[in-house]
Structure formats: C-alpha cells, structure tokens
Amino acid sequence: MALLEILEFPDPRLRTRAEPVTRFDAELVRLVDDMFETMYAAPGIGLAASQVNVHQRLLVMDVSGDRSDPMVFANPEIIARDGIGLMEEGCLSVPGIFDEVERAQRVTVRAQDRHGITFERELTELAAVCLQHEMDHLDGKLFVDYLSSLKRDRIRRKLEKDRRARTERHDAKVPVGAARV
Ligand code: GNR
Ligand code: NI
C-alpha cells in the first residue's frame, strides 16, 4: 500500500479528460487500494484517479464516516437523476476552500467494480453529491468552476501563496551548503 500525491488547483494536469478503464488487472486493484489509503489518510470521502495523476475513469468513495462502505466506480455513467439541491463542497485538490454547489439530489449510476463487473447503484444525499463531484474530476472539472471567476481567481491566488509558503519552509530545512538534487 502507498500514499499517492494529490494534485492541487491550479495544476493543469487536473484538467485532463480521463480515458476509460480497459484493463481490470492486478495493477488496477493495487491502484484502487492505494486510492482508498490516500483518501482515508487525507481524510476525504471520495477520490478520483485524476487527482493522483492517473487519467483513467476510476473513482473511490466512502461516505459512511467509519470506513464501512468503500465504493469503487470504474467507467461510471449517471443513468437517472432527480431533484436539485445546494450543498457545501470541499475538495482535496482545493484544500481549505468550501462553497455551495447545485447538484442533483438523487442519482442512479451504472459502473464497473474493481474486477470489471457491471453494477447499478442509487445514491442520495452526500453520496449523490460526492459521486457527481468525482465524475466532474474525470472530465477535468473542479467545484470551483461553478463559482464566479472572481471567487475562482481569489482561490487560485490564495492556494498559490499557500504553496509558495510551504515550499519556502521546506527550503529552510535544507542545511546551508547541502547538495540539492
Ligand atoms: O472529502 C471530500 N468531501 C466532500 C464534501 C462535499 C462534497 C464533495 C466532497 S469530495 C471531497 C474529496 C475530493 O476532493 N474528492 O474529489
Ligand atoms: Ni475533489
């Protein structure tokens, strides 16, 4: 098992459109395991492969709060949606930012599991919101894209500043004269 690095807005790699999963092999099962480990450690309730720089149509979720309902969706498609509601969202790729987004309240999703078996599942409430949020990632879309360009620019500048501050702190740990590779 391994923790994967999560890309952060405005990294252009988050804008990649993911390709269908075609190989349901041991490597995919390992990727799914690593995505769960990364998501639980963050902690988060969902993670799309796009966020860990793997541009395949794959996402994991667990909205149970006690790790009791891990869900894997490969090649997900929403085949029915119902209702509309506003929900406060956050994103591991947009750390520390929360805002309201309009989403369908109930969705039926058809997808494949980690072994390639097709299933359908109906999701409501937080699980429905999370699935739509994760599926957006697979199309290179982030929740901040639903906000005004003014807010999005402000968020981008804040995250760039936070990232610079983090980089400077790491630099300070490097002893003077030490080799950098
Ligand atoms: O952990 C997460 N919480 C969350 C809360 C409300 C709506 C969506 C989410 S998904 C997010 C993890 C993440 O960034 N997944 O892509
Ligand atoms: Ni996200």
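The rules behind the values
- Residues numbered from 1 in each chain as written.
- Chains lettered and ligands numbered in written order.
- Predicted model: local features only at pLDDT ≥ 70, side-chain atom pairs only at ≥ 80, totals over all residues.
- Heavy atoms only, no water.
- Donors = N, O, S within 2.8 Å, 3.2 Å for Na, K, Ca; no water.
- Helix = DSSP H or I, 4+ residues; strand = E, 2+ residues; numbered from the N terminus.
- Buried < 20%, exposed > 50% of the residue type's maximum accessible area, 1.4 Å probe, protein only.
- Near = heavy atom within 4 Å.
- Polar contact = N/O pair within 3.5 Å; in protein donor to acceptor, adjacent residues only side chain to side chain.
- Areas by Shrake-Rupley, 256 points an atom, 1.4 Å probe, with all protein chains shown as cover.
- 1 Å grid on protein atoms, 1.4 Å probe; cavity = no way out; pocket = protein on both sides within 12 Å on 5 of 7 lines; lining within 4 Å.
- Sits in = over half its atoms within 2 Å of the grid points.
- Phe/Tyr/Trp six-rings, centres within 6.5 Å; stacked < 30°, edge-to-face > 60°.
- Lys NZ or Arg CZ within 6 Å of the ring centre and 35° of its normal.

Asker: Give me the coordination of the nickel ion (ligand 2): which residues, what numbers.
Answerer: Protein coordination at the nickel ion (ligand 2): the donors are Cys91 (SG), His133 (NE2) and His137 (NE2), at 2.1 to 2.3 Å from the metal. In the primary structure, the donors to the nickel ion (ligand 2) are separated according to the pattern C-x41-H-x3-H. Residue histidine 133 and its partner histidine 137 are both found in helix H2 (residues 125-138); the two are separated by 4 residues, about one turn of the helix. Summarising the burial analysis for this pair, histidine 133 and histidine 137 share the class buried.

Asker: Just give me the short version of the site of ligand 1, but keep the residues and values in it.
Answerer: Ile45, Gln51, Leu92, Glu134 and His137 are the nearest of the 13 residues found near ligand 1. A distance of 2.8 Å separates an oxygen atom of ligand 1 from a polar side-chain atom of glutamine 51. One of the side-chain nitrogen or oxygen atoms of histidine 137 is found 2.8 Å away from an oxygen atom of ligand 1. Relative to its unbound accessible surface of 380 Å², ligand 1 loses 90% to contact with the protein. For ligand 1, the cavity whose grid points lie within 2 Å of the majority of its atoms is the largest pocket. Elements with a minimum of two residues in the shell around ligand 1: strand S4 (85-89) and H2.

Asker: So, the packing of aromatic side chains: which residues are in play, and what are the values?
Answerer: For the structure on display, the rule yields 2 aromatic pairs. With a centroid separation of 5.9 Å and an interplanar angle of 20 degrees, the aromatic rings of phenylalanine 36 and tyrosine 40 are classed as stacked. Of this pair, phenylalanine 36 and tyrosine 40 both sit in helix H1 (residues 26-41), 4 residues apart, roughly one helical turn. Owing to a relative accessible area of 7%, phenylalanine 36 belongs among the buried residues under this scheme. Seen in terms of ring centroids, phenylalanine 73 and phenylalanine 119 are 5.7 Å apart; in terms of plane orientation they differ by 40 degrees. Their pairing is tilted. Taken together, the residues phenylalanine 73 in strand S3 (residues 71-82) and phenylalanine 119 in strand S7 (residues 118-124) connect sequence positions 46 residues apart. By relative accessible area, which is 23% here, phenylalanine 119 ends up partly exposed. Between lysine 141 and the ring centre of tyrosine 146, over which it is positioned, the NZ or CZ distance is 4.6 Å.

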